Amino acid sequence: MNHKAHIDGLRAFAVVPVIAFHASHTAVPGGFIGVDVFFVISGFLITSLLMSDLKSGRFSIVDFYERRARRILPALIFIIACTIPAALIFLPPSDLQTFGKSVVAAMTFLSNIFFLKEINYFHTHAELNPLLHTWSLAVEEQFYIVYPIFLALIYRKARRYLVHALIAAGLLSLVLVMNSVASDPKYAFYLFPMRAWELLIGALASLSFARTEVSPRPSLYGLLSLAGFAAILISYAIVDETRLSSGLYALPACLGAALVILYTKPGTMVHRILTTRWIVLIGLISYSAYLWHQPLMTFFRHAFPDDKLGVAICALLTFPLAWLTWKFIEQPFRRRTPGVPAKRVLTSSFAALSLFAVLGLALTADTGWERRYSPEEQRILRSFVEADDYVPTRFDALRGRAFSGEGDLPKVLIIGDSYGQDLVNALYETGMDRDFDLSTYHIPGRCGNLMIDNLDKYRNRENREECARLPGYQDPKLQARLREADQLWLVSSWNPWTAPLLPKSLEALSADTDAKIVVFGRKHFGDRLTYRVFADGIDALIGRRPVPEDPSAVSLEMSETIPKLAEYVDLQRLLCGSYETCANADPSGSPLTFDGTHLTPEGARYMGDLLKPYLVKQLQAEHHPVNEMPRP
């Protein structure tokens, strides 16, 4: 077909930004939109293929699935076969379990649903899952299951309304996107119904393509193809993950891709660019390049967690590996073998998918093959998995609780985020919860635990919509409890934008309540993610490590400013003895934190023991008896 070369070139301009984005989110901020461009291309090519079969009377759903199996599965299964032994070497037990489940999800075309539940695609450490990128393959595979039947039915039963049906389906998909973005942008990002509009833009371009071939208008086509190409490149440059809340962040690039497909004709500038020989070659190997890049960079990050240059080199190595895979795996399997019926190909494909799904399940056995580690290492590694659900439970049970007013216990209102949850756990682990009449109120740290008007102008753009729905200090129920409380404890993940505003907030709070105000500083134990175990050993989890620059600077700033305004408990110095480095083990060697910031049960007990002299002093100052019952 005449359009093939420039579409291969467009594939190159889709895959390279994706790989660059996964190598470094700052390299090409909107590089992830390359996946959206791929979706448009897929919608175009699949519709062209199906319409050709429908018009000639050759349409067969079995033949269609057989062609898709030959195109998609050989390279996918080969690369997963290569990742399994690497996962056994590099991944710690919890990560190996997740990887095994992701293999099952990839083999059952459900990766997008699996990662929707497991991983925020834009989280700093999402890049540590070798198969995260298969979510987009699952979206396409789900499209291939539904779309051929839909298209064939419309073509045969209501052919004159085919374009209308595709437009209606695309608009319905966009409505679903906007509704999903309002509740949770992850659904709009991962799920097929919310991505269908992108594939359908490609489908509509396919139906329009013949008309652009019949009556070419060189100057107009040159302008339109250039506008489309510019829309894609500008999207890569100016869009980033903070714009996901719009729901339509990829629309300019998708429309741009359609314009490039439709109007890039010989003689146009864009055609000369996209049909350059090496660009076409990258496009030809783009599928294998996409499959290889994520596991290559993931395993390198496990082996060399601080080597950013090495990650860039891995990104470049993707392409020679992709060429070899394209040459010796993709190409041979795409050619039909005479005498081998389509049903046999599908049966063999199903068998291969089933085999690797079973292998994926096997990786989840024995808690992620944890016997690769010593018993002591297993105990430490387990604590990094088991504590996650522990953190919020007690704090949440006290949310909105009215003060009992019974006895002589001081009424303490704890306002904060997950750091406040840690403090409540510290009280319970040491039995000091019985010395206070406790109530809690949750304000996410990203929204700002601050009594300041018009906080939106300080908040990050991606948080403004969510935080605007939370009442914060304007909540009448919180206002009532502020008036009732004897003490107000503020405990948050103070950050570079909230810490400087805290003095102003304390001034406003002091005018609004007679309660004694106590500010608890933030804490950070350094980078404690388990992916560092392969490179640095178990000491990476419990030994002394540097504290990241931002929390270190915040703790130092608060230690200088807050004691002049309110009682201040410097948790960073209390737990670590330093703002620059921190160890992560109690006297018995048990980890204090499982992620660098939040406390394990042992960590909560350790912090409670360190806080106890201060809290006893507070109680004695207010002439309240101290409960000396033994710790539970």
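Keep in mind it's a predicted model, so treat the numbers as computed, not measured.

**Student:** Explanation requested: the sheet that holds strand β1 (residues 411-416) in the structure shown.
**Tutor:** To summarise the sheet geometry, strands pair through backbone hydrogen bonds and adopt either a parallel or an antiparallel arrangement. Pairing is parallel in the open sheet, where five strands are placed in the order β2-β1-β3-β4-β6. A strand with exactly one partner marks an edge of an open sheet, and here the two such strands are β2 (437-442) and β6 (567-569). Strand-to-strand twist in this sheet, taken as the mean axis angle between neighbours without regard to direction, amounts to 20 degrees.

**Student:** How should I be thinking about helix α16 (residues 342-363) in this particular structure?
**Tutor:** Helical periodicity: at 3.6 residues per turn, an α-helix aligns residues three or four positions apart in one direction. Along its 22 residues, α16 runs 32 Å from first to last C-alpha, staying within 8% of the 32 Å computed at 1.5 Å per residue. Among all positions in α16, only A342, V345, S349, L353, F356, A357, G360 and L363 are buried. Down the axis, α16 shows its buried residues gathered within 110 degrees of arc, on one side only. Seen from the buried face of α16, the exposed residues on the opposite side, beyond 90 degrees, are K343, T347, F350, V358 and L361. On its buried face, α16 is in contact with α3 (61-90), α4 (93-107) and α17 (365-369).

**Student:** What's the story with the nonpolar core in this structure? I'm lost.
**Tutor:** Within soluble globular proteins, side chains that are nonpolar tend to cluster in buried spots. The biggest cluster of nonpolar side chains holds 121 residues, and the ones touching the most others in it are L10, I80, F99, M107, W135 and Y147. No other element matches α3, which puts 13 residues into this core. Contact partners of M107, with chain neighbours within four places excluded, come to L76, I77, I80, L353, F356 and A357. In terms of nonpolar packing, the next biggest core, distinct from the first, is built from 43 residues, M432, F436, F525 and M607 among them.

**Student:** Which parts of the structure should I look at to understand the packing of aromatic side chains?
**Tutor:** Any pair of aromatic rings gets described here by the distance separating the centres and the angle formed by the planes. Within this structure, the stated rule accounts for 23 aromatic pairs. Where F13 meets F229, the ring centres are 5.0 Å apart and the plane angle is 80 degrees; that geometry is what we call edge-to-face. Of this pair, F13 sits in helix α1 (residues 4-23) while F229 sits in helix α10 (residues 218-238), and the two are 216 residues apart along the sequence. On the accessibility criterion, F229 (6% relative accessible area) is buried. Pairwise contacts between aromatic rings join F64, Y65, F143, Y144, Y147 and F192 into one cluster.

Reading guide: rules and limits
Each chain has its residues counted from 1, following the order in which its sequence is written. Totals for whole chains, interfaces and linings use all residues, but because this is a predicted model, local features are given only for residues with pLDDT of at least 70 and pairs of side-chain atoms are given and counted only at 80 or more. Neither water nor hydrogens contribute to the side-chain values; these are computed over all heavy atoms in the structure. Two strands pair under a simple rule: DSSP has to find at least two bridges between them. In DSSP terms, a helix is any run of H or I states spanning at least four residues, a strand is any run of E spanning at least two, and both are numbered starting from the N terminus. Between the N-to-C directions of two axes lies an angle of 0 to 180 degrees, each axis being a line fitted to C-alpha atoms and, for a helix, fitted only over the stretch in contact. Helix span, expected: 1.5 Å multiplied by one less than the number of residues in the helix. The cut-offs for exposure are 20% and 50% of the maximum accessible area for each residue type, with area from a 1.4 Å probe on protein chains only; residues under the lower value are buried, those over the upper are exposed, and the others partly exposed. Each direction from the helix axis to a C-beta atom contributes to the arc, which is the arc of those directions. Contacts are assigned to residue pairs with any non-hydrogen atoms lying within 4.5 Å of each other. To form a nonpolar core, buried Ala, Val, Leu, Ile, Met, Phe, Trp, Tyr and Cys residues must be joined to one another through side-chain atoms within 4.5 Å. Classification of ring pairs rests on two measures: the distance between centres of Phe, Tyr or Trp rings, Trp counted by its six-membered ring, which must be within 6.5 Å, and the angle between planes, read as stacked under 30 degrees, edge-to-face over 60 and tilted in between.

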